[in-house]
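Remarks on the overall topology
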Amino acid sequence: MNHTISHFTRRNALRLLGGASASALANGQARRPNFLVIVTDDHGIGDVGCFGHKEALTPNLDRLAASGVRFTQWYSNAPVCSASRAAILTGKYPDRTGVQGALASQPTFDVPGLRQGEVTFPALLKQAGYGTAAFGKWHVGSAPQSRPMAQGFDQFFGWYSGWLDAYSHRYYQLGSAPGKIFHDLWRNTEEVFEEPAYMTELLAREASAHLAQQQKQQPFLMYLAFGAPHYSMMAPKKYLDRFPASMERDRRTHLAMVAAVDDAVGLLLDQLRRQGLEEDTVVFFQADNGATREVRASSTAQPYTGGSNGSYRGYKLGLFDGGMHVPAMLRAPGFVKPGQVWERPLMSMDLLPTFLTMAGQAGRIPADVDGQDLLPVLRGAKQTHADMFWSFNKERAVREGDWKLIVNPPAFPGEETGVKVWLSNLEADPGEKRNMAGSEPERVRRMMEKLRGWEKYVGIRVEALSE
């Protein structure tokens, strides 16, 4: 397969972009677009209808995809929440931001995450005159220097921890010493109490109210990070009733939580239309990582089966594709023509340079970002990433074209590997079922060398690689 463009001809690729509008914006001749960025939590590609999984009732995400471009190979930069969100916000590999894995959740609210002075896309847009607001899950640091309003947001409504109870808005860790439970919901810097409001509906209320206040005179960025469908697994009856009672319990609850998110997305899309802001607003959606197998999410104390990563192997907390090959879509009037499908790999860290370019602020893109502006890629004028890298604990992975190498591949119940190196050709074997490491020793050697170089670049230990 051509590594630049999938099934598009060059002419079709060029038509993806509204060239005249993009050029005018770059020259300061058009209004800067607003940005609405929506992130879900532990949400697999098999949990969205337009990705071929019709049991997932997501009409609003489906219409968002139909109104722009749907990415079939969008990768999160990590298979877990904190690191993946750090990449979204900074345009860098998360190891270079100081945020690795999943940060702790503490009632002292002093967990360091994003560093003081870290450059984020909300901070850069704010410098360019944008109003900026964050809603929902933060989880990239609860220490003062890491909080949303220290990282470029004018306003914040949400929580710092990895998750909350959907109704009491408390984080809890039970069953192991010392155990902890604490309330974690904030408006800017003030603690607020909203129980028993269902969290997804509460975020929809707050985000919609904020949108209603926006005017054409000032461009805005809204970053909306839902806690769903992450644990705690709870959904009101009205969402559960959309799915057959005969459906497996965890799958039914999971899809009901996704349906609540979908309703919220529809509310916001309708709000933009009512205010006449639809054609002025770029809307981007992605999951932070794939669906999980964590026992804590299960109703039966067994490995969780409620979420689906479709045909992709693995889950959250692992570097098979199921951990970070996530649903994503972009509606960008004037930049992206509707109804497109992009089938080559892109990454979350590409958002910062893309948004800055769309805002006519390409000159503000930091020289040290790892992401690339997607607009030339979608035009066919530039290749997608030649290589893509991931780390999680002792796991490492590199994708080189259609080849992907995993060092210390993850083992999930029923999917143990028993090897230290796993090599797949994702074009021929997208489910990573066959290990070709033994038949491709030279390719393995070359890709291992790339991993060693990348580890040095991002500042993690080379010794973690197995031979």
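Preceding this section is the structure that the text describes.
Residues numbered from 1 in each chain as written. Predicted model: local features only at pLDDT ≥ 70, side-chain atom pairs only at ≥ 80, totals over all residues. Heavy atoms only, no water.

**Re the overall build of the protein chain**
Check the secondary structure of the protein chain and you find 11 helices and 17 strands. A globule of 467 residues ought to have a C-alpha radius of gyration of about 23 Å, and the protein chain, at 21 Å, matches this closely. Seen along its three principal axes, the alpha-carbon backbone of the protein chain occupies a region of about 60 × 55 × 45 Å. When the accessible surface of the protein chain is summed, it comes to about 17,100 Å², and 51% of that surface belongs to carbon and sulfur atoms. Here the protein chain contributes 52 positive and 49 negative side-chain charges, whose respective centroids are spaced 4 Å apart. (Helix = DSSP H or I, 4+ residues; strand = E, 2+ residues; numbered from the N terminus. Rg over C-alpha atoms; globule rule 2.2 N^0.38 Å. Areas by Shrake-Rupley, 256 points an atom, 1.4 Å probe, with all protein chains shown as cover. Lys, Arg positive; Asp, Glu negative; His and termini not counted. Charge placed at Lys NZ, Arg CZ, Asp CG, Glu CD.)

**Overview of empty space enclosed by the protein**
In this structure the tally under the stated criterion is two cavities of 30 Å³ or more. Computed from the structure, the largest cavity encloses a volume of approximately 130 Å³. The wall of the largest cavity is formed by 17 residues, among which Leu 164, Ala 166, Met 199, Gly 227 and Ala 228 lie closest to the centre. Taken together, the residues that form the lining of the largest cavity break down as nine nonpolar, five polar and three charged. Volume-wise, the second largest cavity comes out at about 50 Å³. Taken together, Leu 103, Ala 104, Ser 105, Gln 106, Phe 109, Val 111, His 139, Gly 141, Ser 142, Tyr 160 and Ser 161 make up the lining of the second largest cavity. Across the lining of the second largest cavity, the residue classes tally to five nonpolar, six polar and no charged. (1 Å grid on protein atoms, 1.4 Å probe; cavity = no way out; pocket = protein on both sides within 12 Å on 5 of 7 lines; lining within 4 Å. Points joined across faces, edges and corners; volume = space filled by probe spheres on them. Nonpolar A, V, L, I, M, F, W, Y, C, P; charged D, E, K, R; others polar.)

**Focus: unusual backbone geometry**
With omega at 10°, the peptide bond leading from Glu 195 into Pro 196 counts as cis. Within the secondary structure, Pro 196 sits in the loop between strand E8 (190-191) and helix H6 (199-212). The amide bond that connects Tyr 231 to the next residue, Ser 232, takes the cis arrangement and shows omega of 15°. Examined against the element boundaries, Ser 232 turns out to sit in the loop between strand E9 (220-225) and helix H7 (237-240). At Phe 109, a residue that is not glycine, the phi angle is positive and equals roughly 50°. By the secondary structure assignment, Phe 109 is in the loop between helix H4 (81-90) and helix H5 (121-127).

**Quick word on the nonpolar core**
Counting residues in each nonpolar core, the largest one holds 110 residues, and the members touching the most others are Phe 71 and Phe 121. The element contributing the most residues to this core is helix H8 (residues 249-274), with 11 residues. Formed by 33 residues, the second largest nonpolar core is a distinct cluster that contains Tyr 75, Ala 78, Leu 405 and Trp 454. (Core = buried A, V, L, I, M, F, W, Y, C linked by side-chain atoms within 4.5 Å. Buried < 20%, exposed > 50% of the residue type's maximum accessible area, 1.4 Å probe, protein only.)

**A few points about helix H9 (residues 351-358)**
Quick reminder: α-helices carry 3.6 residues per turn. Residues three or four places apart thus point the same way. For H9, the buried fraction is high: eight of the eight residues fall into the buried class. Among the residues of H9, those classed as buried are Leu 351, Leu 352, Pro 353, Thr 354, Phe 355, Leu 356, Thr 357 and Met 358. Two residues or fewer past H9, Gly 360 is found with a positive phi of approximately 70°.

**Points about the environment of Met 448**
Note on placement: Met 448 falls in helix H11 (residues 441-458). A relative accessible area of 5% means that Met 448 is categorised as buried. Sequence spacing of Met 448 and Ala 397 is 51 residues, and the spatial spacing of their C-alpha atoms is 9.2 Å.

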